[in-house]
Amino acid sequence: MTNDKLPHYLAWALAVGTFPLIWMGGLVTTYGAGMAVPDWPNTYGYNLFLYPLESWLGVWDVFLEHSHRLIGATVGMIAIALAVFLWRKDSRRWMRWMGVMALAGVCLQGTLGGLRVIGDDLLLAKIHGCTAPVFFGLAAALVAWTSPAWLQASPRPNAAARRLLWLAIGLTLGIYLQIVLGAQLRHLPPEADVFWFQLWVWLHLIVAGLVLIAVTWMSVFARRRLRESPQLARRAQLLLVLFLLQLFLGAATWVTNFGWPAWFTTYLWPIDYTVIAESRLQVLSTTAHVAVGSLCLIAALSLMLWSKRLLLTTKPSDNHPPRPRT
Amino acid sequence: MRCPLVARAFFIILATFATGCAKAPPSFRLNLEGRNPEEISLAQYEAIDLTLTKLFGTPDEPTIPAGVDLDLEWLQAAAGPIASDADGRQRGLFRQHCVACHGISGDGAGPSAAMLTPYPRDFRNGVFKWTSTVAGAKPTRDDLDRTLRRGVPGTAMPSFMRLPDEEIESLIEYVQYLSIRGETELHLIRLVVDEDEYLPLDIDWVMDDGLLPAAESWQRVEQDPGRYLIQPPPEPPADAASIELGHRLYASKDAQCLKCHGPDGRGDGEETEIYDDWNKPKKGVTPEQTKDLAFLYTLPIQKLLARDFREGIFRGGSSPIDLYRRVDVGIPGTPMPAAGPAGGTAGVLTPTDIWHVVHYIRSLANDQ
C-alpha cells in the first residue's frame, strides 16, 4: 500500500470525468446523434484532437458526438495515468491489476463506441450503453479502494453485516438490471415487434418496484442497525434519495415522450398536455434518467464495498453466550 | 445433460441483448391485418412484395413511381437509418421521430404502439383524422403540417415545432409516400389474394388501377382547393344567444351529439361501444369471436372514448375553426359523423348552426 494520494485524486478524476461522459453519451442517443460523425477514430478525416473548432461547435449533432469522443479520450488519458501510478506505487497486487482493468475498460468502451459507428450497429450501441455504467462503477470503486479511509479502516464486528452485504449486492445487481432493461427500451430496433416494448416496459416497472422496496428496507435497516457506522447509514440514505429521484425521472421520461397515460387523464386528472419532440424538458428528463441510473448503481456499489470493508461478519454464536445447561 | 446455471445465464443475457437485432436492413411489413397468413401462398406473397419493392423501393432506399408527385430528395432525408452530416443535414427523420409509434411501414404498429391510447395512425389506408377537406378527401399538406407542428394534445403524438421547416416537409412527404404505398398494397392484396389474379402481375395495370388513383387523390386537394377545402361562413359572435342556440342544436335528435357525448358534453352518452375503422373489424358478435379475431391483428382491440368537452382537450385543435371542421365533416375513420351539408345534400346542421354548436362546445370547456 501507499500513502501517496495521487492515485486517489486520479481515481476521483476518472470517476468525475466519466459522469459527464455518460451524460454526453445519453444526449447523443436522445438526439439520435450517434451517426453524426460517420468515421472513427478520426472525425471527418481529422485527428480527434485536430478537428476544427468552428466545425465542432457549429453543428449540434456533431458537437454532441465529437464532445463525447473528446471526453472519452480525456477519461482514457486519466485511466492511463492511474494505471501507471497504481502499477508503480501500490503494493496491493490486485489493486495494480484493477488499474490495468480500468485502462482496458476505457479502451474496450471506446472501441465498442467506434465499432457502433463504423457498422452503424444498434446492437453495439446497446452494449456500449450497458457497459458504460460498469466502467463508471469500476472508477467509483477505485476511488474507494485508493482512499485513505479505506486504507486505514479497521473493520468492526456487526451482527447485521452479512445481511447488509447481501442486500447491497442484490441492490447493485438489481439496479444494473434496470440499466440493462432501460437500454433495451432506448435502443429498440425499428422493426421490433410490439411484444418486446411491452415486455421491457413491464420488466422495467417490476424491477423498479422491487428495487424501491429493497432500497427503502436498506434505508430503515441502516438507520436502526448501523448507528455505529454513520458512513454506511449516510450511503443508504443517499441511495434512497437518488432512487426516488430516479423514479421521478422515469415517470417524467415517459410523460415527456409519450404523454400522460390514458388511465391517468381519464380517471384521475385530465391534463391538456402535448408532447414536444426534442423539448428541453424531454431531453433533460430522458438523459437525466440515464445518468442518475448510473449514480444509483455506484451508490449501491459503494454501499456494498464499504460494508464489506467496515463491518466484520459475526456468527450468531459470537453475540449470544451459550445457553447454560440444565 | 443439464445446462449449468452460468451457461444458462449467459444465453439469457445474450438473447436479451440480441432482441430484435437483425443485421439485415429493415423491410416493409406486408399488410396482413385481418387475414390468416396461411391463406396466402408463397407465390402470392412474393408477387405482392416484388411489385411493391419495384414501385416503391425499400425503407432504406425509397423510390418514387412514375406519375407520382413526390420529391425524392425530401423522401430520402426522411428514409433510411438515422444519421446526419458535417453540415447538420439530417437523414432518417422518420426513424428518429416516428417509427417507434407508427412503425417502419407506417402501419401504426411501431414497437411502442400497443402501450399507447389511442393507437398511432395507420397511414396505409389513406384515412387521416385532422383535415380541412371535405368528407372522403385526403388532407392537404397544410393539414399534415399543422398536425406535425401542433401535435395531438392528450396523446403520444408530439409537436414537432422545434424541427426546421425542411425536416417537417420531409416528414410530410414520407407520410404521403407511405400512404400511397399502403393504398397500393391494399389494392394488390385484393387483386392477388381476394380475386386470385393470374401471376406474374401486369405492373401497368397495378399502376393504373391502384397506385395512380391513390396518388391523384393527394394531388387533387392541392390542385382544386375551391372544391375540396371546407369553406365555412364568417363566424358569428360567440355571445350568450349563440351558445344557447348551440346548446339546443346539440341536444336536438337530428344532430345525434348526445348519443356519444352525453347531455352535458361529458362524453357519457348511452353509446359506449364505439370503435374506429381500424378497430371495428376486430370486434366479433360475441366475446369469443372477438377473442378469436385478435390473432389476425397486430394490436388488440381498443375502444374509443367520446370526447368530454369539459376537459378542454381537443385532439384535432381547440380553435373555433378546428372545431367547426370536426362538426362539419366529422372525424374520418371514426363514428363521429358529418353534420354539415355535403355533395349537394343538406346536412343536419347549416353552416351557421355549426358555428353555434362550436360556441356551445367551447363554452363547456371554458366553464371549467
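What you see is a predicted model, and the numbers here were worked out from it, not measured in a lab. Numbering of residues begins from 1 in every chain and follows the order in which that chain's sequence is written. Chain letters start at A and ligand numbers start at 1, both assigned in the order the entries are written. In view of the model being predicted, local features appear only for residues whose pLDDT reaches at least 70, and side-chain atom pairs are presented and counted only at 80 or more, with totals across whole chains, interfaces and linings using the full set of residues.

Topic: the overall build of chain A
Point 1. Per the convention used, a helix needs a DSSP run of H or I reaching at least four residues, while a strand needs a run of E reaching at least two, with both numbered from the N terminus. The helix and strand tally for chain A stands at 12 helices and 2 strands.
Point 2. The order of α-helices and β-strands along chain A, N terminus first, is α-α-α-α-α-α-β-α-α-α-α-α-β-α.
Point 3. Principal axes of the C-alpha set define a box for chain A whose edges measure 80 × 60 × 30 Å.
Point 4. The exposure scheme places C-beta atoms from the backbone and then counts, for each residue, the other C-beta atoms within 10 Å of its own, assigning buried at 20 or more, exposed at 12 or fewer, and partly exposed in between. Each of the 326 residues in chain A was classed as buried or not, and the buried ones make up 44%.

Details of the environment of B:A306
Residues and elements named next belong to chain B.
Point 1. Note on placement: A306 falls in the loop between α12 (287-293) and α13 (320-329).
Point 2. Assessed through the 21 C-beta atoms surrounding it within 10 Å, A306 is described here as buried.
Point 3. Remark: the alpha-carbon pair of A306 and G265, spanning 41 residues in sequence, is separated by 9.2 Å.
Point 4. Beyond its immediate chain neighbours, meaning those up to four positions away, A306 contacts C260, H261, G267, G269 and I274. Residues are defined as contacting one another if the C-beta atoms placed from their backbone atoms lie within 7 Å.

Focus on the environment of A:S229
All names here are of chain A.
Point 1. Mapped onto the elements, S229 comes out in the loop between α8 (194-225) and α9 (230-258).
Point 2. Exposure remark for S229: the 22 C-beta atoms within 10 Å place this residue in the buried category.
Point 3. For the pair S229 and W12, spaced 217 residues apart in sequence, the C-alpha to C-alpha distance is 23 Å.
Point 4. Contact partners of S229, with chain neighbours within four places excluded, come to L310 and L311.

A closer look at unusual backbone geometry
Point 1. A:P41 follows A:W40 through a cis peptide bond whose omega is 5°.
Point 2. Relative to the helices and strands, A:P41 resides in the loop between α1 (6-30) and α2 (53-58).
Point 3. Following B:T117, the chain continues to B:P118 via a peptide bond in cis, the omega torsion being -5°.
Point 4. You can see B:P118 is positioned in the loop between α5 (99-102) and α6 (141-150).
Point 5. Of note, the phi angle at A:Y44 is positive, near 45°, even though the residue is not glycine.
Point 6. By the secondary structure assignment, A:Y44 is in the loop between α1 and α2.
Point 7. By the C-beta count within 10 Å, which is 16 here, A:Y44 ends up partly exposed.
Point 8. Located in the positive-phi region is B:D196, a residue other than glycine, with phi close to 55°.

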